[in-house]
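Residue strings, one per chain:
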Amino acid sequence: MVKVLTDLLGRLGFGRVRNMPPHRDVVIVASLLAVGVVAWGYLFHTRVLGEEDVSLRGPLVHLATDGLLAFPVAFLATVLGLWCAGRWGSRLKPGRRLLLGAGLVTLFFGIVLPPSVLLHGYLDTSVFGEWSIPHGAEDQGLLGLLLHALRDALLSLAVVPPMAVVGLALAVLAGRKTEDVEPSEEPVGPAGPVGGSRGLFEREANRREVLKYGGAGATVLALQAAGLVSWPAFVRTSPRATISSPSVEPFRLPLRIAPVIQPLRSVRTRDFANPQDLLTLAEQGIEIGEEADFYVVRQMVSHGEILPGLRTTFWGYNGMTPGPTFRVREGRPAIVRQVNELPVRTATHLHGADAPAASDGRPIDLVAPAPEFARPLGAGEATGCGEEPGEEEFATLYPGFQDHFYPNIQEAEPLWYHDHAMHRTGRNVYMGLAGFYLMEDAQEQSLPLPRGRFDIPLVIQDKLFARDGSLVFPCNGDIPERQGVFGDVILVNGTPMPFLRVARHKYRFRLLNGSTARVYRLALSTGDPLIVIASDGGLLASPAAVEELSIAMSERYEVVIDFARYPIGTKVVLENHFEPAFGDNVDAERTRRVMRFDVVEDAEDRTSIPDDLRPLRPLPVLPESSAVRTRDFRFERQGGFWAINGKIFEKERFDAEPKLGDVEIWRFINKAGGWVHPVHPHLVEFRTLDRNGERPRPEESGRKDSILLGENQEIRVIMKFQHFKGPYVFHCHNIEHEDHDMMTQFRVV
């Protein structure tokens, strides 16, 4: 192959074949360049961008496939570089001649690499169908591909010079045995005499050749540098990469607070609960009421004004988003009938609930639209997400509604309910299907914490809006779904950056990150701390004062803010200090302000924050020695999908089968440097043992059901499987990751 290519180059006018550099040198240098560039590219995409499989199979497959394209590119650059070095470096000392050769190889490598990257993209998309470009450029058209090619070319040049030097040094060592070969009697070609050990460097370049080749190479490298520098700006400003919402004046609208839903009536618990579930609870000594509160929630298409002066179509529970707030008591069961009046299938999950499997809201237990509401999706209803799931994607299909039995056997804690339909969870939650479900118990009610109008749930979400006010959920055609959907308008309880008039009094705010992909780092503009009193699983052992509170998708925290420290007229802004996440195309300033508190009146305050938040029911401690096993779960990008332990979701597969009553340690592992994954197992709450060997932060020291698995992190949690048997799922709560398919199942037996 080498001889054929060199002959071809000679026929194209690059000199007579005998003026080409020795085949041995070309093979050595090109091979090192190909392996080095492919290995560097693999490390960059896995360790920095976190895109691919990091197991042994990943690099072997990568080297085998990409190397087939990388070697011809490296070969061409080596031939051109060494041929020019042979013409120009005859009067240079060997060391400088070697550096000249390495420099020219690097120059030509930078010139020929961008077209090869475009070819690579074409092969992966059109032939293999699996290309995924970092930074969301696969849908940016030709300009995006060109910028990507320039960026990767410049990144590759970081390893080309040292590899070229090493390759040439090896070529020199390999050629020492031929140094005494006499020059040939062959005619002298245009590049000087042919043959002998100096056949590589025979002629000094003239000024015109230096300017010609040097100028061309410098121009190409400058264009590559410009491509790398302009890449982030291009992605942020491309009309297909980011759809900018209409401008919204912050703090113009008052905060809306979702109403508390009331039960329609009381019913007999045994009429709705599975007898086996009731028997299991009784066997464990758990008593629940014989009567249950019966609720009806209608999932429906609604219209309203979210942005001032514009009309938005959204999907809501009982016609509102967020949905109505449940306030239920420990030990008092609830039967919640979810009626589907939407044009799509749904599955309602009570996030954080200790509930029977049949009522958990698994993604494959779907509720079909009531017949009179079945229709094609209309404008503003996320029509770009493809067809609805087929029959192969569900295990149970309920006709029009489903009754969920919630025994409410947990202590006081902030749960929430949201849609969980297979492959459509992100869209359905984004369209508005989310709300609070607050558990209360006697201990919490006995504490002198703020309550009544001073106890306010806050659902924080980010959204994109079209110019007409309709919601925009980017799917395949706009922002790559694998990155997640990032909005540029922050909504709190469905209102864009609202204000709340407060008294000089303590307030208890129950915070929920209801976004699909955005992590928040919340802080007060005054610099005063937020006092965290509870997390996903309820009250902490003691309050934790934090200057900034990180809250990932699906996490909940309860904080107390004492406005008595501020004089009337003070305006305190709740800010988001989180820098843009990987894949976030939104300017950080657009998501900096969350809401504002306006101090407007005095108020008598008899509340306090106890140092011991659990005087009667301390947090249970599960010693590590009580765990019967440890399981590892790797969260990674593989084969164009998000995967757990290298596998995507399959409804017939269970990756763990803990026994009822078992205590287990689960280890969540993320080896990528560019992605984060909020991990959520259904059914169980856990205590965090450590993060990368270090103790958890004070605010996450309590019981939790979701935890942020950060870049290059390993988290160990301990949990007990109690109360219910059956199938459940766990997944990443970046909902687009979950939908594509970072989710699997476990079964309690």
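Above this note sits the structure.
*Asks:* Outline the overall build of the protein, listing residues and values.
*Replies:* Summing up its helical and strand segments, the protein has eleven helices and 33 strands in all. Going through the 749 residues of the protein one by one, you find that 57% of them count as buried. Pairs at least 24 residues apart make up 81% of the contacts formed inside the protein by residues separated by at least 6 positions. With the model as given, the accessible surface of the protein reaches about 30,300 Å², and the carbon-plus-sulfur share is 56%.

*Asks:* Can you tell me about the sheet that holds strand E19 (residues 538-546), naming the residues and giving the values?
*Replies:* Here we have seven strands laid out as an open sheet, ordered E14-E13-E12-E16-E21-E18-E19, and mixed in their pairing. The open sheet terminates on both sides in strands that have one partner only, identified here as strand E14 (495-496) and E19. In this sheet, strand E16 (residues 506-513) lies alongside strand E12 (residues 455-463) in parallel orientation, the contact comprising six bridges. The residue bridging Leu458 from the neighbouring strand is Leu511, located in E16.

*Asks:* Can you tell me about the side chain of His723, naming the residues and giving the values?
*Replies:* Tracing the chain through its elements places His723 in the loop between strand E31 (713-720) and strand E32 (726-732). Here Asp354 takes part through its side chain, which lies 2.4 Å from a polar atom of the side chain of His723. In contact with His723, not counting residues within four places along its chain, are Thr280, Leu281, Gln284, Ile286, Asp354, Ile409 and Leu660.

*Asks:* Break down helix H8 (residues 275-283) for me, with residues and values.
*Replies:* Among all positions of H8, only Asp277, Thr280 and Leu281 are buried. The buried residues of H8 occupy an angular sector of 95° when projected down its axis, which confines them to one face. Exposed and oriented more than 90 degrees from the buried face of H8 are Pro275 and Glu283. The backbone nitrogen of Gln276 has a side-chain oxygen 2.8 Å away, supplied by the residue at the start of H8, namely Asn274.

*Asks:* Report on empty space enclosed by the protein, specifying residues and quantitative values.
*Replies:* Throughout the structure, instances matching the rule amount to seven cavities of 30 Å³ or more. What lines the second largest cavity is Ile306, Phe314, Thr321, Met431, Gly432, Gln461, Lys463, Phe465, Leu471, Leu491 and Gly494. Here the residues of the lining of the second largest cavity sort into six nonpolar, four polar and one charged.

*Asks:* Can you break down unusual backbone geometry residue by residue, with the values?
*Replies:* The peptide bond linking Thr321 to Pro322 adopts the cis configuration, its omega dihedral lying at -5°. Mapped onto the fold, Pro322 is located in the loop between strand E3 (312-317) and strand E4 (326-329). Along the chain, His740 connects to Asp741 via a cis peptide bond; the corresponding omega equals 0°. Positionally, Asp741 belongs in the loop between helix H11 (735-739) and strand E33 (743-748). Within the chain, Asn493 stands out as a residue other than glycine whose phi angle is a positive 55°. Within the fold, Asn493 resides in the loop between strand E13 (489-492) and E14. Unlike most non-glycine residues, Asn692 shows phi in positive territory, near 50°. Locating Asn692 in the fold gives a position in the loop between strand E28 (686-691) and strand E29 (703-704).

*Asks:* I'd love a proper account of the nonpolar core, names of residues and values included.
*Replies:* In this structure, Tyr437, Phe509 and Phe597 are the most contacted members of the largest nonpolar core, which totals 78 residues. Apart from the residues lying within four places of it in its own chain, the contact partners of Phe509 are Ile456, Leu458, Leu500, Tyr557, Glu558, Val559, Ile561, Phe563 and Phe597. In this structure, Ala70, Ala85, Leu107 and Val112 belong to the second largest nonpolar core, which totals 34 residues.

*Asks:* How would you summarise the sheet that holds strand E24 (residues 629-638) if you had to cite specific residues and measurements?
*Replies:* Taken together, the six strands give an open sheet; going across it, the order is E25-E24-E26-E31-E28-E29, and neighbouring strands pair in mixed fashion. With one partner strand each, in any of the chains shown, strand E25 (641-644) and E29 form the two edges of the open sheet. Note: E28 against E29, two bridges, orientation antiparallel. Opposite Arg687, over in E29, you have Arg703 as the bridge partner.

*Asks:* Could you give an account of the pattern of salt bridges, naming the residues involved and the relevant values?
*Replies:* Considering all chains together, one arrives at 46 salt bridges under this definition. Put simply, Glu341 and Arg298 hold a salt bridge, and the shortest N to O gap is 2.9 Å. With Glu341 in the loop between strand E5 (334-340) and strand E6 (348-351) and Arg298 in strand E2 (residues 291-304), this pair connects stretches of sequence that are 43 residues apart. The exposure class assigned to Glu341 is buried, which follows from its relative accessible area of 12%. Taken together, the shared-partner salt bridges in this structure form one network comprising Arg327, Glu440, Glu444, Asp455, Arg508, Arg510 and Glu558.

What counts and how
Residues numbered from 1 in each chain as written. Predicted model: local features only at pLDDT ≥ 70, side-chain atom pairs only at ≥ 80, totals over all residues. Heavy atoms only, no water. Helix = DSSP H or I, 4+ residues; strand = E, 2+ residues; numbered from the N terminus. Buried < 20%, exposed > 50% of the residue type's maximum accessible area, 1.4 Å probe, protein only. Contact = heavy atoms within 4.5 Å. Areas by Shrake-Rupley, 256 points an atom, 1.4 Å probe, with all protein chains shown as cover. Pairing = 2+ DSSP bridges. Polar contact = N/O pair within 3.5 Å; in protein donor to acceptor, adjacent residues only side chain to side chain. Arc of directions from axis to C-beta. 1 Å grid on protein atoms, 1.4 Å probe; cavity = no way out; pocket = protein on both sides within 12 Å on 5 of 7 lines; lining within 4 Å. Points joined across faces, edges and corners; volume = space filled by probe spheres on them. Nonpolar A, V, L, I, M, F, W, Y, C, P; charged D, E, K, R; others polar. Core = buried A, V, L, I, M, F, W, Y, C linked by side-chain atoms within 4.5 Å. Salt bridge = Lys/Arg side-chain N within 4 Å of Asp/Glu carboxyl O.

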